[in-house]
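# What the coordinates show
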Amino acid sequence: MADIRLTNSRSPRGRTPRRFALFLLLSLCLIGIDQLTKFWVTQTLAYGTAIYVTSFFNLCHVVNTGAAFSFLGEAGGWQIFLFSGFALIVSAAVIWMLYKHNDKTLLSLCLAAVLAGAVGNLIDRMLLGHVVDFLDFHLAGWHWPAFNVADIAVCTGAFGAVALEFFEGKHH
């Protein structure tokens, strides 16, 4: 079996304000993509409608007042403040981690993605009172809960950070 190594090599220049700013810029670009796609969906698709794309994928327009998989979605509104507060705390922690570890390129890419996802959905909660979701994958009548670009960023960034820790931890 092949030996899998994910290396999170350090920048030869170390941690710098410029690298920190570049990873923040990456987060801003991802936030922009997230917000533009959500804007397109809200302007193009009536709420509750879907466009068939393939036998396993639709574009749709749904909203979520809860968290992942609509957790607490029917809680009456207070959950928006809870999830917004959580997103602010996570964002602050990720910004600090990004500043402290911006010499580690792969980890910084993962953190930038997590930050973008948290802020992208925070913007929706603060401005709209819900999160706009539009990516609908399905198979044999079973639908995965709809999601958006911010959700992809959070999940891939978190998965990547955990994978880095797992694989780096094995070799150190």
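Scroll up for the structure.
Just so we're clear, the structure is a prediction, and the values are computed from it rather than from any experiment.

## Notes on the overall build of the protein
When helices and strands are counted, the protein shows four helices and four strands. Seen in sequence order, the protein has helices and strands lined up from the N terminus as α-β-β-α-α-β-β-α. Expressed as a percentage of the 172 residues in the protein, the buried residues total 39%. Long-range contacts, defined as pairs at least 24 residues apart, comprise 67% of the intrachain contacts of the protein with a sequence gap of at least 6. In the structure as shown, the protein presents an accessible area of about 10300 Å², 72% of it carried by carbon and sulfur atoms.

## Brief notes about the sheet that holds strand S4 (residues 142-143)
The strand order across the open sheet formed by four strands is S1-S2-S3-S4, and the pairing between neighbours is antiparallel. Since the sheet does not close on itself, it has two edges, and those belong to strand S1 (50-54) and S4, each with one partner. With two bridges connecting them, strand S3 (residues 131-139) and S4 associate as antiparallel partners. Bridge pairing in S4 places Leu139 opposite Trp142.

## Regarding the pattern of salt bridges
Pairing is possible between side chains of opposite charge, provided their charged atoms come close. In total, this model carries two salt bridges according to the counting rule given. One salt-bridge network, in which partners are shared between bridges, spans Asp34, Lys38 and Asp124.

## Focus: helix H3 (residues 105-128)
Under the 1.5 Å per step criterion, the end-to-end length of H3 is 34 Å for 24 residues, consistent within 8% with the ideal 34 Å. Note on H3: the residue one or two positions beyond its end, Gly129, has a positive phi of about 80°.

## Remarks on unusual backbone geometry
The backbone of Ala140 shows a phi angle near 55°, a positive value even though the residue is not glycine. For Ala140, the location among the structural elements is in the loop between S3 and S4. The exposure class of Ala140 is exposed, given its relative accessible area of 83%.

## Thoughts on the pairing of S1
The pairing of S1 with strand S2 (residues 57-64) spans four bridges and is classified as antiparallel. Directly across from Tyr52, in S2, lies its bridge partner Asn58. What sits between the antiparallel neighbours S1 and S2 is a turn of two residues.

Cut-offs and rules
Residues numbered from 1 in each chain as written. Predicted model: local features only at pLDDT ≥ 70, side-chain atom pairs only at ≥ 80, totals over all residues. Heavy atoms only, no water. Helix = DSSP H or I, 4+ residues; strand = E, 2+ residues; numbered from the N terminus. Buried < 20%, exposed > 50% of the residue type's maximum accessible area, 1.4 Å probe, protein only. Contact = heavy atoms within 4.5 Å. Areas by Shrake-Rupley, 256 points an atom, 1.4 Å probe, with all protein chains shown as cover. Pairing = 2+ DSSP bridges. Salt bridge = Lys/Arg side-chain N within 4 Å of Asp/Glu carboxyl O. Expected span 1.5 Å × (residues − 1).

On their own, these measurements won't tell you what the molecule is for.
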